[in-house]
Amino acid sequence: GGPENFIQICVHNFLSYVTNIPFLQNVFSNHQFLYSTVDTQFIDENPDLFNLKPTQNRAQKLLHYLGHVMVNGPTTPIPVKAKPSSIDPVIPPVTMGDPPVGFRDVLLRDGPEGFAKAVRNHQGLLLMDTTFRDAHQSLLATRVRTHDLKKISPFVSHNFSNLYSLENWGGATFDVAMRFLSECPWKRLQELRALIPNVPFQMLLRGANAVGYTNYPDNAVFKFCEVAKENGMDIFRVFDSLNYVPNMLLGMEAAGSAGGVVEAAISYTGDVSDPMRQKYSLDYYLQLADELVKAGTHILCIKDMAGLLKPEASKLLVGALRDRFPDVPIHVHTHDTAGAGVAAMLACAEAGADVVDVAVDSMAGMTSQPSMGAIVACAKGTKLDTGIALEKVFDYSEYWEVARGLYAPFDCTATMKSGNADVYENEIPGGQYTNLHFQAHSMGLGNKFKEVKKAYAEANKLLGDLIKVTPSSKIVGDLAQFMVQNDLSRAEVEERADELSFPLSVVEFLQGYIGIPHGGFPEPLRSKVLKSLPRIEGRPGASLPPMDFKALEDGLRATHGDEITPEDVMSAAMYPKVFQEFKEFTANFGPVDCLSTRLFLDGPKIAEEFEVELERGKILHIKALALGDLNKAGQREVFFELNGQLRSVLVKDTVAMKEMKFHPKAQKSIKGQVGAPMPGKVLEVKVEVGSKVEKGQPLCVLSAMKMETVVNSPMAGTVKAVYVTADASLEGDDLILEIEE
Ligand SMILES: *[C@@H]1O[C@H](CO)[C@@H](O)[C@H](O)[C@H]1NC(C)=O
């Protein structure tokens, strides 16, 4: 008798079944087994034990993923030739028990208005920490995984309870989580919320674009805010990339009616301290602020996304806003691209700002936010004292310094060695500055980054000097790259505007897809580019029919099964294709978010042993044993030990299978040969052999990085030959098709 004895018998008799974990689970949950004596008759008397629930088989899927990475390398695109560091960050100790009371407790008790009052009445300078969002969006291509955020969360909750907020969501994190990290952005929010109950969470909301790049129907923006609030989001920083007020009002209303704190943000460009720059003057900003305060924003934000706010301009702008709105808390966001961030934020605080944005030291500087430690130290003992102990910042910074090493394959410092004050001229937002740098490299334009920056400034002028932040910044960037690729000056673009194949984003901007820029659209450029294309009047989202969430949900259930949550529906509403691919990836490869970052990116080394925690208490012990030889089908068998048992997976070796393909180049000297204007992937071929085409007619749509470009016909004629199909990858100048007069 007795369980030990029973297990022995069981193991002897059922060794062949004991791969059979569901069977053992049934045994261990059997009442008789647990609470009375059992003997060898036990199994015969309990046929229920063989009612086996299928395992979810997450383990096998993860082995498949690891095998895949071992054979083919990372599944996520790696911009830098660097391996994740082999050192794990040390997690600073935290005592058990509830964390201290924070501003979130004030918010939950007093609501958004009460919260705003408490912020305004607070003595000293408050900080928002961007380490969980903008810092890694600016420095590490947004790649920081929930795994590494969670580890430091208890420390943040206990030691940084006096932060105004922690920015941890919105912007690119939503998209990148699914697209490149294969993890659910909502799960990230839920898990961080559970670990940090006392500090308000803040997100970025692109007005009517929510967390996407296009306009969504109004009800989608409202629903999005509602679900975000339910999942623990507190403060919504609402902006519009053109400061287009109708778009902003919609976002503010959506955040407000969800019960969130509304933080309307004025996107800042130009230089209010420079009398030569009149388009974005102090007056312009004050008028905008009037409208946002009138619309009931709880907090007023200045979003200096490129880091253009100099100390003198800070004094003028914040000083004027403080005078005009004595009761409204002012929150300033900046980037440290030029290196003047700390000086500017201190000037803002002096002039009356209540909150400024910082990132922890090891994740600060350059295109990220100014250093938390520097500001804490500079404010110490003054009337701006943050009340944060520097020792805490040191511990926090040390964690990130080492954790950052895990993301070496994405770290912009691989190529970018310093900030650059040329940002005052090109006005490129921090995150985009890094992206353009990466893009210039991956498209073979590495040595041309300076040219891209110059072109960016020129493209901005061509488009009428815009506010530049996602998505308007991407439009300017697309145009800049197009100019560099095709070796076009501003004057040439203006002159030849009616015959050039502009990037789709530029065309759509001119059509009015993202709203109306301050000062209107550039003419005659707009008319020349658009010709007879339709133009949108007023707020773009206003003309969209409401989204049918029920139909969307039904569709998702039909494709992915019944475990679709309201959060999934919102993911699909924002990024339908990315969500679809994320679900397919997870169905194949399981919950890869449970893997450590090194395993996720690089896979295990042969003979490496490690643990993976699937959920609390559910731990897999894995050892990577061997890589098999390439078989005739181009596959390799990868061997593992999983919880002591031999397992293997078959993985297609895509590197070995890849054959070299040569593609003919378009000859400029041969009339009618149409080449790819830049490297990219073919999305769609719009004509076939024999098609009659007009001059300027779209022939083919290309996608390069995130930009779509339509290739138009340079002449009228008949298509003689087509050299590409959808999905083909092209280098610059690869021959697309030939046209005969
Ligand atoms: C962080 O907070 C914990 C309390 O949970 C404390 O034990 C620890 O000393 C703090 N760390 C620093 C650097 O103050």
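In what follows, the accompanying structure is described.

The rules behind these values
Residues numbered from 1 in each chain as written. Predicted model: local features only at pLDDT ≥ 70, side-chain atom pairs only at ≥ 80, totals over all residues. Heavy atoms only, no water. 1 Å grid on protein atoms, 1.4 Å probe; cavity = no way out; pocket = protein on both sides within 12 Å on 5 of 7 lines; lining within 4 Å. Points joined across faces, edges and corners; volume = space filled by probe spheres on them. Helix = DSSP H or I, 4+ residues; strand = E, 2+ residues; numbered from the N terminus. Nonpolar A, V, L, I, M, F, W, Y, C, P; charged D, E, K, R; others polar. Buried < 20%, exposed > 50% of the residue type's maximum accessible area, 1.4 Å probe, protein only. Pairing = 2+ DSSP bridges. Right-handed = clockwise from strand over helix to strand, strands pointing away. Contact = heavy atoms within 4.5 Å. Salt bridge = Lys/Arg side-chain N within 4 Å of Asp/Glu carboxyl O. Axes fitted to C-alpha atoms, helices over the stretch in contact; angles between N-to-C directions. Near = heavy atom within 4 Å. Polar contact = N/O pair within 3.5 Å; in protein donor to acceptor, adjacent residues only side chain to side chain. Areas by Shrake-Rupley, 256 points an atom, 1.4 Å probe, with all protein chains shown as cover.

Before going further, it helps to examine the layout of surface pockets. Looking at the second largest pocket, its volume works out to about 1800 Å³. Lining the second largest pocket are 47 residues, with K187, P591, D593, C594 and L614 sitting closest to its centre. Of all the secondary-structure elements, those providing two or more residues to the lining of the second largest pocket are α5 (58–72), α8 (146–159), α10 (185–195), α26 (566–574), α27 (576–589), α28 (597–602) and β9 (609–615). Looking at which element gives the most residues to the lining of the second largest pocket, the answer is α8, with six residues. Of the residues in the lining of the second largest pocket, the class split is 16 nonpolar, eleven polar and 20 charged.

The element strand β3 (residues 201–205) is extensively covered by neighbouring structure, given that five of its five residues are classed as buried. Side chains F201, M203 and L205 project from β3 onto one buried face, and the interleaved Q202 and L204 project onto a second face that is buried too. Relative to β3, strand β2 (residues 165–170) runs parallel, the two sharing four bridges. Across the sheet, residue L166 finds its bridge partner in β3, namely F201. Bridge analysis of β3 against strand β4 (residues 235–238) gives four bridges, and the strand direction is parallel. The partner of L205 across the bridge, within β4, is V238. For the crossover that starts at β3, traverses helix α11 (residues 218–230) and ends in the parallel β4, the hand is right-handed.

Mapped onto the elements, C412 comes out in the loop between α17 (390–405) and α18 (423–426). On the basis of relative accessibility, which here comes to 1%, the residue C412 falls in the buried class. Between the C-alpha atom of C412 and that of D234, which follows or precedes it by 178 residues, the distance is 31 Å. Among residues more than four places away in sequence, those in contact with C412 are S138, L139, M366, T434 and F438.

Evaluated as defined, the whole model comprises 37 salt bridges. Of the charged contacts, one joins D354 and R322 as a salt bridge, the two residues approaching to 2.8 Å between their closest N and O atoms. In this pair, D354 sits in the loop between α15 (341–350) and β8 (355–358) while R322 sits in helix α14 (residues 311–324), placing the two residues 32 residues apart along the sequence. Here D354 and R322 have matching classes, each one buried.

Moving on to the sheet that holds β9. The strands that make up a sheet are held in pairs by hydrogen bonds between backbone atoms, and each pair lies either parallel or antiparallel. In space, the four strands of this open sheet follow the order β9-β10-β11-β12, with antiparallel pairing throughout. Here the strands that pair on one side only, and so sit at the sheet edges, are β9 and β12 (645–652). Neighbour-to-neighbour, the strand axes of this sheet turn through a mean angle of 35°, independent of strand direction. As judged from the eight bridges shared by strand β11 (residues 635–642) and β12, these two strands associate in the antiparallel manner. What sits directly across from F640, in β12, is R647. α5 contacts β9, β10 (618–627), β11 and β12 of the sheet and is inclined by roughly 55° relative to β12.

Before going further, it helps to spend a moment on helix α23 (residues 504–511). Taken across its eight residues, α23 has six buried, putting it largely inside the fold. For α23, the complete set of buried residues consists of S505, V506, V507, F509, L510 and Q511. In the core, the buried residues of α23 are packed alongside α21 (472–485), α24 (525–530) and β17 (707–712). Positive backbone phi, at 100°, marks G512, one or two positions downstream of α23.

A few words on the site of the ligand. Taken together, V94, T95, H158, N159, E391, K392 and D395 make up the full set of residues near the ligand. Separating a nitrogen atom of the ligand from a side-chain N or O atom of N159 is a distance of 2.7 Å. The protein chains hide 65% of the 360 Å² of surface that the ligand would expose on its own. Counting only elements with at least two residues in the shell around the ligand, the list comes to α8 and α17. Ranked by residue count, the leading element in the shell around the ligand is α17, at three residues. Tallied by class, the residues present in the shell around the ligand amount to one nonpolar, three polar and three charged.

As paired elements, β9 and β10 share six bridges and run antiparallel to each other. Bridge pairing links V612 to L620 in β10. Counted between consecutive antiparallel strands, the loop separating β9 from β10 contains two residues, among which G617 sits at a positive phi close to 85°. Examined bridge by bridge, β10 and β11 share five bridges and lie antiparallel to one another. Directly across from K623, in β11, lies its bridge partner E641.

Moving on: the sheet that holds strand β6 (residues 299–303). In spatial order, the strands read β1-β2-β3-β4-β5-β6-β7-β8; together these eight strands close into a barrel with parallel pairing. Along the sheet, successive strands turn relative to each other by an average axial angle of 30°, direction set aside. For β4 and strand β5 (residues 261–267), the ladder comprises four bridges, and the chain directions are parallel. Opposite V238, over in β5, you have A264 as the bridge partner. Contacts from helix α6 (residues 103–121) reach β1 (126–129), β4, β5, β6 and β8, with the element oriented near 45° to β5. Across the sheet, α11 touches β2, β3 and β4, and the angle it forms with β3 is around 165°.

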